[in-house]
Number of protein chains: 2
Amino acid sequence: MIFTTKAEYGVRLLVELGRQANDAPVSLKAIAENEGLPLAYLERIVALLKRADLVESTRGAHGGYRLARDPESVTMDEVVLALEGSVAPMSCFVDETDDGRVLCSHVDDGEACATKFLWLRVQGGVTEALRRTTLAELVAFSAKQDVAQSAETLGSALPLHSAA
Amino acid sequence: MIFTTKAEYGVRLLVELGRQANDAPVSLKAIAENEGLPLAYLERIVALLKRADLVESTRGAHGGYRLARDPESVTMDEVVLALEGSVAPMSCFVDETDDGRVLCSHVDDGEACATKFLWLRVQGGVTEALRRTTLAELVAFSAKQDVAQSAETLGSALPLHSAA
DNA sequence: CTTAATCCTACCAATGCGGTAGGAGAAACC
DNA sequence: GGTTTCTCCTACCGCATTGGTAGGATTAAG
């Protein structure tokens, strides 16, 4: 498994916030009910997003969370970094270098890892895929799915659950 | 963490076998000592590789393992699939479809996952990186490292404890 | 001052991972 | 034929992490 539910729930949370057109804060309780996720667990997850300045919060009644930045500018690699810590292909990749880029620890014990070469490629593939996906894109996707689904459940003749 | 030590050790094992020029089988004990890995654990790992027809074994004294195929033709996505089961970005990706391609389980409970869209991209990035890396490439890389290292530690230009 | 929300921290069960132990078969070599 | 050296197989175990809960403090609206 590459990611844990932290990433899953955290991204969903952000998408949910992104769907909100106005800038009124959304309570975690609403999101938890909407997505069917445990509230107490979401609280800990949203804390990670806040620490990374991806969401803002207002406390007290009628409070909640809203996106701190334009969804277009939020790329998934920052999001996943905030949620999962870092994307390390292998346990020997200790997270040293500032922003998620990690390097192998046993560089030269005996023979230099041929595996390191491989894992670096994999890591590149993952971070590239994450970086080229923005929150806005996911929000748009989710909105499209909504349309498709309501059409399908209503029995109309509109495009089905395909992407286009 | 994307991969466990199964992938790490398994790939190393294959590289070690690939370094062997002749077709004489190599014992796990030799590999374990060479790489500093626990023998009993390697036994379980190599069983996965054998089940996937990536290595052949001969039992008894002077027995051991050898590659079952040309290293050029062995891509890392088969290897990792054999070792790790499947590369699933998220726990909701249950491995159904034959060869490692996995799909999301909660396709349409409430709203169709925008996250699924993301994880599929990530999975694509990983498998693509794995598929374009062959065992032969890793073996060559490891050999190159040997030369560089022996030159550096000995100051001479002779091969060190390499296969030949 | 009650209510609804964010915050914070400690706790807990289950799972999986890395590793060990102890053998049982199979082939080479004396 | 027996010993040695391997592959094979299965059960076990400590440990860390994950996913989730509990309980409460703080803050602000009404």
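The rules behind each value
- Residue positions are given per chain, counted from 1 along the sequence in the order it is written.
- Chain letters start at A and ligand numbers start at 1, both assigned in the order the entries are written.
- The predicted origin of the model limits local features to residues at a pLDDT of at least 70 and limits the giving and counting of side-chain atom pairs to 80 or more, whereas totals for whole chains, interfaces and linings rest on all residues.
- Hydrogens are left out, water is left out, and the side-chain values use all remaining heavy atoms of the structure.
- The rule for a residue being near a molecule or strand is that one of its heavy atoms must lie within 4 Å of it.
- Under the rule applied, a polar contact is a pair of N or O atoms within 3.5 Å (in protein, one hydrogen donor and one hydrogen acceptor; residues adjacent in sequence only if both atoms are side-chain atoms).
- Three residue categories are used. Nonpolar comprises Ala, Val, Leu, Ile, Met, Phe, Trp, Tyr, Cys and Pro, charged comprises Asp, Glu, Lys and Arg, and polar comprises the others, including Gly.
- Within this document, salt bridges are pairs made up of a side-chain nitrogen of Lys or Arg and a carboxyl oxygen of Asp or Glu, the two lying within 4 Å of each other.
- Working definition: helices are DSSP H or I runs of at least four residues, strands are E runs of at least two. Numbering for both runs from the N terminus.
- Residue contacts are counted whenever heavy atoms from the two residues lie within 4.5 Å of one another.
- What gets called buried area is simply the loss in accessible area from a 1.4 Å probe that two parts show on being joined, summed for both.
- Two aromatic rings from Phe, Tyr or Trp, using only the six-membered ring of Trp, form a pair when their centres are within 6.5 Å; if the ring planes differ by under 30 degrees the pair is stacked, by over 60 it is edge-to-face, and anything between is tilted.
- Using a 1.4 Å probe on the protein chains alone, a residue whose accessible area is under 20% of its type maximum counts as buried, one over 50% counts as exposed, and one in between counts as partly exposed.
- A pair of strands is labelled paired if DSSP reports no fewer than 2 bridges between them.
- Known as pLDDT, the predictor's confidence for each residue is given on a scale from 0 to 100.

Enquirer: Just checking my understanding: could you explain the protein's contact with DNA strand D for this structure?
Expert: Lining the immediate surroundings of DNA strand D are 23 residues, of which R44 and R59 of chain A together with E43, K50 and S57 of chain B lie closest. Sugar plus phosphate: this is where 62% of the atoms of DNA strand D within 4 Å of the protein reside. At 2.9 Å, a backbone N or O of T5 of chain A approaches a phosphate oxygen of DNA strand D. In this structure, a base oxygen belonging to DNA strand D sits 3.0 Å away from a side-chain N or O atom of R59 of chain B. Looking at the surface near DNA strand D, its residues break down into eight nonpolar, nine polar and six charged.

Enquirer: I'm lost on the pattern of salt bridges in this one. Help?
Expert: When charged atoms on two side chains of opposite charge get close, those side chains can pair. As enumerated under the stated definition, the model contains twelve salt bridges over all chains in all. In this structure, D77 of chain A engages R131 of chain A in a salt bridge whose closest nitrogen and oxygen atoms are separated by 3.6 Å. Residue D77 of chain A is found in helix α4 (residues 76-84), and its partner R131 of chain A is found in helix α5 (residues 114-131); the two are separated by 54 residues along the sequence. A salt bridge links E137 of chain B to R121 of chain A; the shortest N-O distance between them is 2.7 Å. Placement of E137 of chain B in helix α6 (residues 135-154) and of R121 of chain A in helix α5 is noted, with the two residues assigned to different chains.

Enquirer: Whenever I open this one, the interface of chain B and chain A confuses me. Can you help?
Expert: One frequently used descriptor of interface size is the decrease in accessible area upon assembly of the parts. Each partner contributes to the interface: chain B provides 47 residues, whereas chain A provides 46 residues. In total, chain B and chain A occlude about 4,100 Å² of area from one another, counting both sides; carbon and sulfur atoms represent 61% of this. The tally of links between chain B and chain A comes to two salt bridges. For the side of chain B that touches chain A, the secondary-structure elements that each account for two or more residues are α1 (5-19), α5 (114-131) and α6 of chain B.

Enquirer: It is not clear to me how the packing of aromatic side chains should be interpreted in this structure. Could you clarify?
Expert: A ring pair, where both rings are aromatic, is described by two values, the distance of the centres and the angle of the planes. Following the criterion strictly, the structure yields six aromatic pairs over all chains and no others. Aromatic side chains F117 of chain A and F141 of chain B sit 4.7 Å apart centroid to centroid with 25° between the ring planes, which places their arrangement in the stacked category. A residue pair is termed interchain when its members come from two chains, as with F117 of chain A in helix α5 and F141 of chain B in helix α6. Judged by relative accessible area, F117 of chain A falls into the partly exposed class, the value being 24%. According to the relative accessible area criterion, F141 of chain B is partly exposed, its value standing at 21%. Judged by centre distance (5.0 Å) and plane angle (40°), the ring pair of W119 of chain A and F3 of chain B falls under tilted. With W119 of chain A in helix α5 and F3 of chain B in the segment before α1, the pair connects residues from two separate chains. The pair formed by W119 of chain A and F3 of chain B is uniform in burial state, with each residue classed as buried.

Enquirer: Hey, could you run me through the environment of M90 of chain B in this one?
Expert: With respect to the helices, strands and loops of the structure, M90 of chain B is situated in the loop between α4 (76-84) and β3 (93-94). Distance from M90 of chain B to T115 of chain B, taken between C-alpha atoms, is 9.6 Å for residues 25 residues apart in sequence. The residues touching M90 of chain B, leaving out its near neighbours within four places in the chain, are M1, F3, T4, T5 and E8 of chain A together with W119 of chain B.

Enquirer: Mind showing me how you'd approach the pairing of strand β1 (residues 55-58) of chain B here?
Expert: Moving residue by residue along a regular strand, the side chains alternate between the two faces of the sheet. Residue and element names in this part refer to chain B. Pairing of β1 with strand β2 (residues 64-67), which is carried by four bridges, proceeds in the antiparallel orientation. Bridge pairing links S57 to Y65 in β2. What sits between β1 and β2 in their antiparallel hairpin is a turn of five residues, with G60 showing a positive phi close to 80°.

Enquirer: Would you mind going over the confidence of the model for chain A with me for this structure?
Expert: If pLDDT is low for a region, its predicted coordinates should not be looked at in detail. Residue and element names in this part refer to chain A. Confidence in the prediction of chain A, expressed as mean pLDDT, is 85, and 79% of residues score 70 or more. Long-range and interchain partners of residues 107-111, a stretch whose pLDDT sits below 50, account for twelve contacts in this model, where long-range means more than four residues apart. Here residues 156-164 is modelled with pLDDT under 50, and outside its nearest four sequence neighbours on either side it reaches nine contacts, counting other chains as well.

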